[in-house]
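Listed below, chain by chain, are the residues.
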Amino acid sequence: MKNYQYDAIVIGSGPNGLAAAIYLAQRKLSVLVVEAAGEIGGGTRSAELTLPGFTHDICSAIHPLAIVSPFFQTLPLRDFGLEFIQPAASVAHPLDDGTAVLLKSSVEETAANLGLDGTSYERLVTVLARNFGVLASDILAPLGIPSNPFFMGAFGLKGMTSAKNLVDHYFTEPRARAMFAGNAAHSMIPLEDVPSAAYGLVLLLTAHAVGWGFPRGGANKIADALGAYFLSLGGKIETDFEVKNIDELPASRVVLFDITPRQIIKITAHRLPDAYRKRLEKYKYGAGVFKMDFALNEPIPWKAKQCFEAGTVHVGGTFEEIAESERAHAEGKISETPFVLVAQNSLFDTTRAPENKHTAWAYCHVPNGATADMTEQIENQIERFAPGFRDCILAKAVKSPADLEKHNANYIGGDINGGAGILSQLFTRPVAKINPYAIPSKGLYICSSSTPPGGGVHGMCGYHAAKSAFEREFS
Ligand SMILES: Cc1cc2nc3c(=O)[nH]c(=O)nc-3n(C[C@H](O)[C@H](O)[C@H](O)COP(=O)(O)OP(=O)(O)OC[C@H]3O[C@@H](n4cnc5c(N)ncnc54)[C@H](O)[C@@H]3O)c2cc1C
């Protein structure tokens, strides 16, 4: 019988790696997390990227998926310092007429923004929003028999289409169509492609069910709370430990990878069956991200006053403009008028900047690995809806797709979701298999966002992978 130093080792300490580690440590297993960076957290880290006293979220900034996560909801993260702030509105979507559409927690108040499309909006979301608590456990899970087939069926009928089809079916006016486009564009796939509507619908539902909150103090508070709870369960963490070959690890019964297929092949190729390795090689990465952080002398001077109520602002104009920008990166082109996601956490969290000063976080989508500098395009788009924005900038920091990949090796070519969110990789990532988490090699599992349910800070990939590992190897 082989002597094992640990029951389980997790490579990578993103939200999925930490969720997997916690699940196993809760079951009294000895667990080690190894992390290449100097601190834990992966996509949930914060730093003074611009000036002293300004805290910027390096990757994720807005966390409805962490709040709604069925696994995170079971953890005592408040006791470990995690507090979510909720702005009055989840999203503002400014338009060229100087107004903005607001996505609020009340379906009725949101519908009231949408003119003639208000009734259709209520028809689209009311029942699903009211039942999102139960629906979330089926949506944030691998493909299987849903625990709530009625609601999952209703969600599938509405969402398993393209954003273009959905808006053509439900909406006639620019306001509702634009708001839906902003949510669906988080999919990072063209809005004419299935299942872009599903992404948009899920995000609308999270706004109504839990709100687009974020942690007081920075995204790193999520990692800090997960890490501290894991340590309290007896877990161990080693940072500055980049795994280059799986054989360097201490002996353990299972290894869980919070990393993506290309990295798994690199460090584990000799342990993978040929057929499986070849399938992993075909895994598709998605669009990249060009990211900017700003230290500001004052809040972004939005023309539409409604924008000051929201933590997130979707900058890009009409459905048609956003669709064009999302088509561009899919065709390998740079959009001169990109859809820009903006987060303005400091409006609601005074810990983020010195008194009366502010931060802003913004990114747009670009082709995977693109080298273009998008500074001008991002600032122009914000300036379009907030004239005078450039005059408020005290300092800025820029991260190209290559910089993001340097910061976190999981962001291949700047892909922040661990793989494209295309239909063929929605439920079947990284390969089509009944159990997508188990690698066909004894004791190896994938727990990153390259498995269902994919990108975002929710920890559910880690939870499902660890559950699978526990049931197969330890029960
Ligand atoms: C700019 C940006 C904005 C985003 N915005 C949001 C948002 O607002 N809301 C949201 O929910 N999500 C957002 N995301 C996505 C979110 O951050 C990711 O989907 C999420 O972090 C994925 O979690 P994970 O645990 O799978 O992997 P990650 O968080 O990427 O963690 C992987 C970890 O593995 C480590 N690692 C990699 N290779 C090795 C190795 N060889 N050895 C040891 N360790 C290794 C990495 O250093 C990293 O710490 C954003 C991401 C980016 C980059």
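Residues numbered from 1 in each chain as written. Predicted model: local features only at pLDDT ≥ 70, side-chain atom pairs only at ≥ 80, totals over all residues. Heavy atoms only, no water.

Participant: Any chance you could explain the site of the ligand here in plain terms?
Facilitator: Close to the ligand lie 34 residues; Glu35, Gly43, Ile62, Asn408 and Gly456 are nearest. Here an oxygen atom of the ligand sits 3.2 Å away from a polar atom, N or O, in the main chain of Ala61. In this structure, Ile416 approaches the ligand through a main-chain N or O atom, which is 3.5 Å from an oxygen atom. Considered on its own, the ligand offers 1000 Å² of accessible surface; in the complex 95% of this is hidden by protein. Of all elements in the fold, only helix H1 (15-26) and strand S14 (358-366) reach the threshold of two or more residues within the shell around the ligand. In terms of residue count, H1 provides more of the shell around the ligand than any other element does, three residues in total. In terms of residue class, the shell around the ligand is built from 15 nonpolar, 15 polar and four charged. (Near = heavy atom within 4 Å. Polar contact = N/O pair within 3.5 Å; in protein donor to acceptor, adjacent residues only side chain to side chain. Areas by Shrake-Rupley, 256 points an atom, 1.4 Å probe, with all protein chains shown as cover. Helix = DSSP H or I, 4+ residues; strand = E, 2+ residues; numbered from the N terminus. Nonpolar A, V, L, I, M, F, W, Y, C, P; charged D, E, K, R; others polar.)

Participant: I'm lost on the domain arrangement of the protein in this one. Help?
Facilitator: You'll often see interface size given as the accessible area lost when the parts meet. Splitting the protein by domain gives domain 1 (6-83 + 215-283 + 419-473) and domain 2 (107-210). Inter-centroid distance (C-alpha atoms) of domain 1 to domain 2 is 28 Å. On the side of domain 2, 15 residues touch domain 1, which itself brings 18 residues to the contact. Of the roughly 1500 Å² buried at the junction of domain 1 and domain 2 (both faces included), carbon and sulfur atoms supply 81%. Our count for the contact surface shared by domain 1 and domain 2 stands at zero salt bridges. Across the domain 1-domain 2 interface, the total number found is two residue pairs in polar contact (both at pLDDT 80 or more). Sorting the residues of the side of domain 1 that touches domain 2 by element identifies helix H2 (64-68) and helix H16 (460-473) as the ones contributing at least two each. (Domains from an automatic or database assignment. Contact = heavy atoms within 4.5 Å. Buried area = accessible area lost by both parts, 1.4 Å probe. Salt bridge = Lys/Arg side-chain N within 4 Å of Asp/Glu carboxyl O.)

Participant: How should the pattern of salt bridges be read in this particular structure?
Facilitator: As a working rule, side chains carrying opposite charge can pair if their charged atoms are close by. Evaluated as defined, the whole model comprises 20 salt bridges. Note that Asp274 and Arg277 form a salt bridge whose closest N and O atoms lie 3.0 Å from each other. Of this pair, Asp274 and Arg277 both sit in helix H12 (residues 274-281), three residues apart, which is roughly one turn of the helix. Accessibility expressed as a relative area gives 47% for Asp274, which makes it partly exposed. We classify Arg277 as buried; its relative accessible area is 18%. Here Asp293 makes a salt bridge to Lys291, at a shortest N to O gap of 2.5 Å. With respect to class, Asp293 is no different from Lys291; both count as buried. One connected set of salt bridges, linked through shared partners, spans Lys164, Asp168, Arg177 and Glu320. (Buried < 20%, exposed > 50% of the residue type's maximum accessible area, 1.4 Å probe, protein only.)

Participant: Would you mind going over the sheet that holds strand S16 (residues 444-446) with me for this structure?
Facilitator: Backbone hydrogen bonds hold the strands of a sheet together, and the pairing may be parallel or antiparallel. Here we have five strands laid out as an open sheet, ordered S9-S2-S1-S10-S16, and parallel in their pairing. Looking along the sheet, the strands with just one partner apiece sit at the ends: strand S9 (236-238) and S16. Each strand of the sheet is rotated relative to its neighbour by a mean of 20°, with strand direction disregarded. One ladder, built from three bridges, connects strand S2 (residues 31-34) with S9; its direction is parallel. (Pairing = 2+ DSSP bridges. Axes fitted to C-alpha atoms, helices over the stretch in contact; angles between N-to-C directions.)

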